[in-house]
Amino acid sequence: MTRHIFRLGMVLALWLGLALPGLAAAADARQTTRAWQERRLFEPSEGQLAQEQRGQVFIYDGLDSGKVQQAMDEQFDRIENMMFTRIHHLPPTATGPVMVEDDGCD
């Protein structure tokens, strides 16, 4: 019995050792993407502004609702060139899961 528990523990440790770096990398990628989108949203380059002047719409995905509201307030003249999907709404008491707005786009 002890041998089986030991083997199960080893398998679990191996699985975690393989899975955790991948999960961390995915979290880092999401954070990097979010930071890039926020820079484009609040500090667009001249080229990005030129694209918007030509009518390009940029789709911002997975931003926090506070950032979306800030963009609506501070970047009002650019709103027609923005689309927001899967907006993250933080829980009011900072406990509980983040609610992701279902925009119906698949």
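Here, the structure is the one placed above.
Draft legend 1. Structural detail: the nonpolar core. One finds L41, F42, F58, Y60, L63, V68, A71, M82, F84 and I87 forming the largest nonpolar core, which totals ten residues. Counting residues per element, the ones that place at least two in this core are α1 (2–42), β1 (58–61), α3 (65–74) and β2 (82–85). Excluding its chain neighbours within four sequence positions, the residues that come into contact with I87 are L63, D64, S65, V68, M99, V100 and E101.

Draft legend 2. Quick peek at the side chain of E52. Within the secondary structure, E52 sits in helix α2 (residues 46–53). Once residues lying within four places of it in the same chain are set aside, the contact partners of E52 are R78 and N81.

Draft legend 3. Examining a nonpolar patch on the surface more closely. On the surface, V57, I59 and M83 cluster together into a nonpolar patch covering about 240 Å² of accessible area. Looking at the secondary structure, you find M83 in strand β2. On the basis of relative accessibility, which here comes to 34%, the residue M83 falls in the partly exposed class.

Draft legend 4. Representation of the side chain of R78 within the structure. Inspection of the secondary structure puts R78 in the loop between α3 and β2. Among the residues examined, R78 registers a relative accessible area of 5% and is labelled buried. Setting aside residues up to four positions removed in sequence, R78 forms contacts with R40, L41, P44, L49, E52 and Y60.

Draft legend 5. The arrangement of unusual backbone geometry in detail. With phi around 45°, R86 is a residue other than glycine that occupies positive phi space. Position of R86 relative to the elements: it lies in the loop between β2 and β3 (88–89). Classification of R86 as partly exposed rests on a relative accessible area of 46%.

Rules of the game
- Residues numbered from 1 in each chain as written.
- Predicted model: local features only at pLDDT ≥ 70, side-chain atom pairs only at ≥ 80, totals over all residues.
- Heavy atoms only, no water.
- Core = buried A, V, L, I, M, F, W, Y, C linked by side-chain atoms within 4.5 Å.
- Buried < 20%, exposed > 50% of the residue type's maximum accessible area, 1.4 Å probe, protein only.
- Helix = DSSP H or I, 4+ residues; strand = E, 2+ residues; numbered from the N terminus.
- Contact = heavy atoms within 4.5 Å.
- Patch = residues over 30% accessible without salt bridge, like charges linked within 9 Å, V, L, I, M, F, W, Y side chains within 5 Å.
- Areas by Shrake-Rupley, 256 points an atom, 1.4 Å probe, with all protein chains shown as cover.
- Salt bridge = Lys/Arg side-chain N within 4 Å of Asp/Glu carboxyl O.

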